[in-house]
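Here's the letter readout for the chains.
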Amino acid sequence: MRDNLLVSTSPHLHKKESVKMIMWLVTLSLVPSGLAGIFIFGLGALWVMALAVAAAVITEFALQAVTRRKITVLDGSAVLTGLLLAYNLPADVPFWLPVVGAVFSIAIGKQVFGGLGQNIFNPALVGRVFLMASWPKYMTTFVKPMSYDAVTSATPLAALTEGKALENISYLDLFLGNRPGCIGEVCILALLIGAAFLLLRKYISWHIPFSYIFTTGLLSYVFGAKTLFAGDWISHILSGGLVLGAFFMATDYVTSPLTYKGQLVFGIGCGLITVVIRLWGGYPEGVSYAILIMNAATPMIDRYTRPRIYGS
Amino acid sequence: MVRLEDNKFYTEAKPLEALPLPAKVYIPLSQHLGKPCLSLVKAGDSVSLGQKIGSVEAHVYSPVHASVSGRVKAIVDWPHPVLGRAKAVVIEADDSCGPQKMDYLPREDIGELTAENIKNIIFDSGIVGMGGASFPAHIKLNPPKQVEVLIINGAECEPYLTADYRLMLEKTQEIIKGIELVVKCLGIKKVFIAIEDNKPEAIKAFRCFNYNICVLSSAYPQGGEKQLIKSVLNKEVPRGKLPFDLGVVVHNVATVFAIYQSVYLNKPLFERVVTVTGSILEKPKNLLVRIGTPIKELIAFCSPLKEEPAKIINGGPMMGIAQYSTDAPVIKSTNGILLLSKKEAAPLPEEYCIRCGACVRECPAGLLPCMINLASERSIWQEAISYGALDCIECGVCSYVCPANRRLVQSIKRAKLEAVR
């Protein structure tokens, strides 16, 4: 036996898990809601997804090539960002809109910070709010569900914000996605299937989604109507991008707190800001901004929610 | 804490077996925490089995003994499984110098021995903590305060290793006698024998005796001293303090067995049980090995090999030390020799931290390994310490769970070293 042995520090054993695997499994968990989006809004939805994903991957590749860094487009993180951005867009947008959004997400939201793991804000949401600020008309023109043609249609959340009761949309419609909205946010059932997968495989924990949704539900029940304790909290939970945001965007590892305690604080903060924007702000939808604002607060939350060191 | 694939199936059913006497042993003069010994012999001397060959004037040290009868060839600088290189006494076995097996003369006056007598025997026998830390045992038997609780560590939470397990099965009576000796030394009021639930046979073996058995869940690092105290007593050792401060002392089963042998059989610590294991060995075994035997002899005894080993580890896969040479000998703290194949040892590419928080959740010491890592990489040592670097027990759980394969333990060790400067 020759002594050409490998020497390294312990441990010499490693769990069979990688960043790549996690990214692709999270992408997989988003498939049901994408399929639901295509079913509900037609093939336009598929085009938006394809364009956003392709633009995200190409942007990442190009920037890594130009800056001579390791090409990591196969790790699935750019695909995930592109897909999440598409899920936050209406199905009937001009073809360049998802492309511009995805380029912005990857370039400004992610690569300028140094790439995966270095960004402060959720890249997909950075892209989304950029589009929202630049082309609000396209971003708020929704396709009527199940009709497959472009008809301007106000979202249920917009109606809720204006204080109107939801007359022709039942809770079941909201749950199944039979309502105008963004591609990936409408079908709660499909989102919950993906979320259940992530929770069962322990890729996400319940702390952020639960505290976020609970806070939003509670506050919209208390303050959501003209009198206290009369708000339509179920509609508030089921409409808009809350479920998509709470399970798939707020839980982004990179931009959320490290500890469970911190994650609860993060979720409550998201819920609070969402309700404030929805009920008293200028936009009907508050999820994107709420998550981005809490992203900024993450380092501070981490600082005050450190785990207790053994023996202290 | 994490549940690991324990891989104990390779050797858990293999009874203890004595490795044939090696032709030469290389006995390091430093096999303990504390001051290294000085050689009491010189080249050409004839030594007999169990003769004291190394000692030093110091408070924290443990003497070393000849593990064969034979002639001292030289005192050389030799590969050491933990220290890299260190002074070792080379002895060539020679039957004309004395018997190669101890002619045990069981002591008859055990009942009459005072606590002081027992402590002296244990000290003279060169017994150290055999679970890995190599802390001289007699120091743990001379606590500055009254100790009331003794925990016997039979957790053996490192994957692959079964040395303690086999000892618990085959030497149950002897371990119990060793426990009685420690109880007598320290005036212990309560004893707990802590064993993980993946060793039901060992638990059964100890059930026949009148001691508290504490069945632990099989999670790593359950056998770490501080984690064990928490699991058994639900108490934490305060930061910067020792188990003594809680009135607790922890001894490993192998140490207690060595204590039994020293007091009952007059036998100094010159051999121990070593698990030789790994997927590439045809005949993995639990061997009774003389201290100072080069590990290549252990491997040869368990061969043939299915393929060349890419990595050889002294100890278990989580905290063991990768060896650069198979000339390195077995020392008092060697509980296993693990061979990894090329595939098993392949280094994984290090990626950026994605802040998944797995290291933070699993850290048994309550640290932020990923943050220490970032600070350490930027040489901001003060910040690394603020995240708890100095409280790290180096169990390896953080590196094990990290999906980005970051060298967390390595960078924390670095931060610790820099902090001392």
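Residues numbered from 1 in each chain as written. Chains lettered and ligands numbered in written order. Predicted model: local features only at pLDDT ≥ 70, side-chain atom pairs only at ≥ 80, totals over all residues. Heavy atoms only, no water.

1. Topic: the domain arrangement of chain B
Residues and elements named next belong to chain B.
- Each domain of chain B was delimited in the assignment, giving domain 1 (110–265) and domain 2 (358–420).
- In total, domain 1 and domain 2 occlude about 470 Å² of area from one another, counting both sides; carbon and sulfur atoms represent 53% of this.
- When the buried area of domain 1 at its contact with domain 2 is split by residue, Y220, Q227 and R239 rank highest and sum to 71% of it.
- One can count one salt bridge joining domain 1 with domain 2.
- The shortest N-O distance in the salt bridge between D391 and R239 comes to 2.6 Å.
- The interface formed by domain 1 and domain 2 contains three residue pairs in polar contact (both at pLDDT 80 or more).
- Within the side of domain 1 that touches domain 2, the residues separate by chemical class into two nonpolar, one polar and one charged. (Domains from an automatic or database assignment. Buried area = accessible area lost by both parts, 1.4 Å probe. Salt bridge = Lys/Arg side-chain N within 4 Å of Asp/Glu carboxyl O. Polar contact = N/O pair within 3.5 Å; in protein donor to acceptor, adjacent residues only side chain to side chain. Nonpolar A, V, L, I, M, F, W, Y, C, P; charged D, E, K, R; others polar.)

2. With respect to the sheet that holds strand β17 (residues 336–340) of chain B
- If you trace the six strands from one edge of the open sheet to the other, you get β1-β14-β13-β17-β15-β16 (chain B), paired in mixed fashion. The open sheet has two edge strands with one neighbour each: β1 (16–18) and β16 (321–322) of chain B. (Pairing = 2+ DSSP bridges. Helix = DSSP H or I, 4+ residues; strand = E, 2+ residues; numbered from the N terminus.)

3. Some words on the interface of chain A and chain B
- Opposite the 40 residues of chain A that make contact, chain B presents 66 residues.
- The contact between chain A and chain B buries some 4500 Å² in all, and 59% of this surface belongs to carbon and sulfur atoms.
- Between chain A and chain B we count two salt bridges in total.
- E236 of chain B is paired through a salt bridge with R308 of chain A; the nearest N and O atoms lie 2.7 Å apart.
- Here chain A and chain B share 23 residue pairs in polar contact (both at pLDDT 80 or more) between them.
- Breaking the side of chain A that touches chain B down by element, the ones donating at least two residues are α1 (19–29) and α15 (287–304) of chain A.
- Among the elements that take part in the side of chain A that touches chain B, α1 of chain A stands out by supplying three residues, more than any other.
- Among the residues making up the side of chain A that touches chain B, the classes are represented as 18 nonpolar, 14 polar and eight charged. (Contact = heavy atoms within 4.5 Å.)

4. Here's the deal with the nonpolar core
- Ranked by internal contacts, the top residues of the largest apolar core, which has 123 residues, are Y212 and F248 of chain A together with I354 of chain B.
- Top contributing element to this core by residue count: helix α4 (residues 77–87) of chain A, with eight residues.
- Built from parts of two domains, this core gets at least three residues from each of domain 1 (110–265) and domain 2 (358–420) of chain B.
- When near neighbours in sequence (up to four residues on either side) are disregarded, F248 of chain A contacts S29, L30, L84, L191, G194, A195, L198 and V243 of chain A.
- Residues L113, I121, L186 and V256 of chain B belong to the second largest nonpolar core, which totals 45 residues. (Core = buried A, V, L, I, M, F, W, Y, C linked by side-chain atoms within 4.5 Å. Buried < 20%, exposed > 50% of the residue type's maximum accessible area, 1.4 Å probe, protein only.)

5. Points about the packing of aromatic side chains
- All told, the structure shown has 14 aromatic pairs over all chains when counted by the stated rule.
- Aromatic pair W96 of chain A and Y138 of chain A: ring centres 5.7 Å apart, planes at 85 degrees, arrangement edge-to-face. Remark: Y138 of chain A occurs in helix α7 (residues 136–139) and W96 of chain A occurs in helix α5 (residues 96–110); sequence separation between them is 42 residues.
- Accessibility expressed as a relative area gives 28% for W96 of chain A, which makes it partly exposed.
- Taking 5.9 Å as the distance between ring centres and 5 degrees as the angle between the ring planes, the aromatic pair formed by Y10 of chain B and Y160 of chain B counts as stacked. (Phe/Tyr/Trp six-rings, centres within 6.5 Å; stacked < 30°, edge-to-face > 60°.)

6. So, the confidence of the model for chain B
- Per-residue pLDDT for chain B averages 94, and the proportion of residues at 70 or more is 100%.
- Two numbers describe this predicted complex: its pTM, 0.93, and its ipTM, 0.91. (pLDDT = per-residue confidence, 0-100.)

7. Observations concerning the packing of helix α3 (residues 163–170) of chain B against helix α4 (residues 172–186) of chain B
Residue and element names in this part refer to chain B.
- Contact geometry of α3 with α4 gives a least axis separation of 5 Å together with a crossing angle of 95 degrees. One way to sum up the angle between α3 and α4 is to call them roughly perpendicular. Where α3 abuts α4, its residues L167, M168, L169 and E170 lie against T172, E174 and I175.
- Counted by class, the contact of α3 with α4 contains four nonpolar, one polar and two charged residues. (Axes fitted to C-alpha atoms, helices over the stretch in contact; angles between N-to-C directions. Parallel < 35°, antiparallel > 145°, perpendicular 65-115°, else oblique.)

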